[in-house]
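These are the residues of each chain, in order.
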Amino acid sequence: MNRASSWQLMTTIMRRDLAVALRRRSDVINPLLFVVIVVTLFPLAVGPGPDILGRIATGVIWVAALLSSLLGSERLFRDDFLDGNLEQMVLSPAPLPLLAFGKVVVHWLLSGLPLVILAPVCALLLKLPFAAWGTLMLTLLVGTPMLSAMTAVGAALTVSLGRGGALLSLLLLPLFIPLLIFAAAAVESTLVGTSAYGQVLLLAGLMLLTLTLAPLAVAAAIRVSVN
Amino acid sequence: MSVVIEAKQLTSVRAGRTLFSALSLQLGGGEILHVEGPNGAGKSTLLRIIAGLLQPLEGEVWLFGQPQQDDPELWQRQTLFIGHKPAVKAELTALENLHFQSQLDGAAHVDAWQLLETVGLLGLEDIPAQQLSAGQQRRIALARLWYSQAKLWILDEPFTALDTYGIELLHQRFQRHLEQSGSIILTSHQPLSWSGERLQKIRIEHNDEELVYE
């Protein structure tokens, strides 16, 4: 009889995911490298004048973050599906949404958190005024968990389709648009000297909503996918 | 003998084809059920229904005298399912796989080294599983059986890719599980070494009219 508690099962799955990710470092580094490359190419393409770069910096960083989150998302459940671990997750005595939540957290630790840490470098490269750095990092800190949770829903839905990459992007990009608008608006209001409090709070609310509901959707999608 | 698992009037339709209809079976503690049939007849589907991965079109499955959906957690804690896919992480070594898997199975104090020796993988413990052969990966997956306390084992083609020694080892483990009044449901194209009361056989044919239950 399996006597493990739900909490133990979730942490074990999280530790295993981390161990697997550390063995496949290129999969973790690739999306981050993509963001850095996009950000370094922009000054070369539009010219190094601070008036243009500073204005588009937030948009460039956020669009790069959105697209990079799509890059790695297909793999979120793919390996587990192919090697049979997804079946075992469904048969595990822990609630499936809890295990899904654990996987989302690990995905964020490996894709979202590094982006938040990289943000000052990107801001520097794009000559974003220093006053807005804090707000940019804050929007990324609040926004990237949403990206992880929403890509998890898309990845779980398309995992059994073989190559569902294009479909995944189509499914997810419309959902990312509110995030993009409010994140850009928050940094913009800091730049013009007003408070970004409202936009950040709204993003935080959206994040909590997504993190609460997404694991349930992921669990339902996994159950359909293993059939 | 107490009834461990009971399937009542199961019907399953996959891709517009009736695999089996009104299939009933009953298995007690210490008994082994061998599901036979040609490729694509629905053996795996039956096992996945019993494991709780698939819903049958009609009918229900009972474990310890209560329906599956009444207490899914009891179900999940008391059964162990090993399917076609071995659930072995290709990037991790055999030792790490056993370590994580035993924690996921809630087995405390598992000596992973002892387990490696039992399944004959000693000396290969620090090689990523993707570099091992299919049979060796199968052994990592099947190592779960040696510490499993689950009452019911559901095994889809457990002998695939195993050598004769591995098959012999698995037979010995099955024997001990049956002596501890555990139950086993398996599909296999190999003949099993049991006969008589312990062994039940069910044969699923392509034509659902010819469903035979011995």
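Structure report, in brief. Remember, it's a predicted structure, so these values are computed and weren't measured experimentally.

**Thoughts on the overall build of chain A**
- Within chain A, the secondary structure is distributed over nine helices and zero strands.
- Each helix and strand of chain A, placed in order from N terminus to C terminus, yields the pattern α-α-α-α-α-α-α-α-α.
- In summary, chain A has a C-alpha radius of gyration of 18 Å against a globular reference of 17 Å for 227 residues, a match within 12%.
- Its C-alpha atoms put chain A at 65 × 35 × 30 Å along the principal axes.
- Looking at the 227 residues of chain A, the share that counts as buried comes to 44%.
- Across chain A, contacts joining residues at least 24 apart in sequence account for 81% of those joining residues at least 6 apart.

**A word on helix H1 (residues 43–51) of chain B**
All names here are of chain B.
- Most of H1 sits inside the fold, with eight of its nine residues counted as buried.
- The complete set of buried residues in H1 reads Lys43, Thr45, Leu46, Leu47, Arg48, Ile49, Ile50 and Ala51.
- Downstream of H1 by a residue or two, Gly52 has a phi angle that is positive, lying close to 95°.

**Digging into unusual backbone geometry**
- Despite not being glycine, Lys127 of chain A has its phi angle at roughly 55°, a positive value.
- Tracing the chain through its elements places Lys127 of chain A in the loop between helix H6 (96–125) and helix H7 (133–158).

**Brief notes about the sheet that holds strand E4 (residues 58–63) of chain B**
All names here are of chain B.
- Strand order in the open sheet made by the four strands is E2-E1-E4-E5, with antiparallel pairing throughout. Among the strands making up the open sheet, the edge pair consists of strand E2 (17–28) and strand E5 (66–67).
- Examined bridge by bridge, strand E1 (residues 3–14) and E4 share five bridges and lie antiparallel to one another. Bridged to Ala7 within E4 is Val61.
- Of the strands in this sheet, E1, E2 and E4 are in contact with H1, which crosses E1 at around 125°.

**Brief notes about the nonpolar core**
- Of all hydrophobic cores here, the largest spans 117 residues; its most connected members are Ile61, Leu126, Ala152 and Ala156 of chain A together with Ile50 and Ile154 of chain B.
- The biggest single contributor to this core is H7 of chain A, with 13 residues.
- Discounting residues that sit within four places of it in the chain, Ile50 of chain B has contacts with Ile5, Ala7, Val61, Ile154 and Ile185 of chain B.

**Description of the interface of chain B and chain A**
- Across the boundary between the two partners, chain B contributes 26 residues, which contact 23 residues of chain A.
- Listing elements by their share of the side of chain B that touches chain A, those giving two or more residues are helix H2 (72–78) and helix H3 (94–104) of chain B.
- For the side of chain B that touches chain A, the residue count by class is twelve nonpolar, seven polar and seven charged.

**Points about the packing of H6 of chain A against H7 of chain A**
Residue and element names in this part refer to chain A.
- Here H6 crosses H7 at 150°, and the two axes come no closer than 8 Å. Taken together, the axis directions place H6 and H7 in an arrangement best described as roughly antiparallel. As for the relative orientation of H6 and H7, their crossing is right-handed in sense. Residues Ala100, Lys103, Val104, His107, Trp108, Ser111, Gly112, Leu115, Val116, Ala119, Pro120 and Ala123 of H6 form the contact with H7, whose participating residues are Trp133, Leu136, Met137, Leu140, Leu141, Thr144, Pro145, Leu147, Ser148, Ala149 and Ala152.
- When grouped by side-chain class, the residues that make up the contact of H6 with H7 number 17 nonpolar, five polar and one charged.

Rules and cut-offs
- Residues numbered from 1 in each chain as written.
- Chains lettered and ligands numbered in written order.
- Predicted model: local features only at pLDDT ≥ 70, side-chain atom pairs only at ≥ 80, totals over all residues.
- Helix = DSSP H or I, 4+ residues; strand = E, 2+ residues; numbered from the N terminus.
- Rg over C-alpha atoms; globule rule 2.2 N^0.38 Å.
- Buried ≥ 20, exposed ≤ 12 C-beta atoms within 10 Å, placed from the backbone.
- Contact = placed C-beta atoms within 7 Å.
- Pairing = 2+ DSSP bridges.
- Axes fitted to C-alpha atoms, helices over the stretch in contact; angles between N-to-C directions.
- Core = buried A, V, L, I, M, F, W, Y, C linked by C-beta atoms within 7 Å.
- Nonpolar A, V, L, I, M, F, W, Y, C, P; charged D, E, K, R; others polar.
- Parallel < 35°, antiparallel > 145°, perpendicular 65-115°, else oblique.
- Left-handed = near helix turned anticlockwise from the far one by under 90°.

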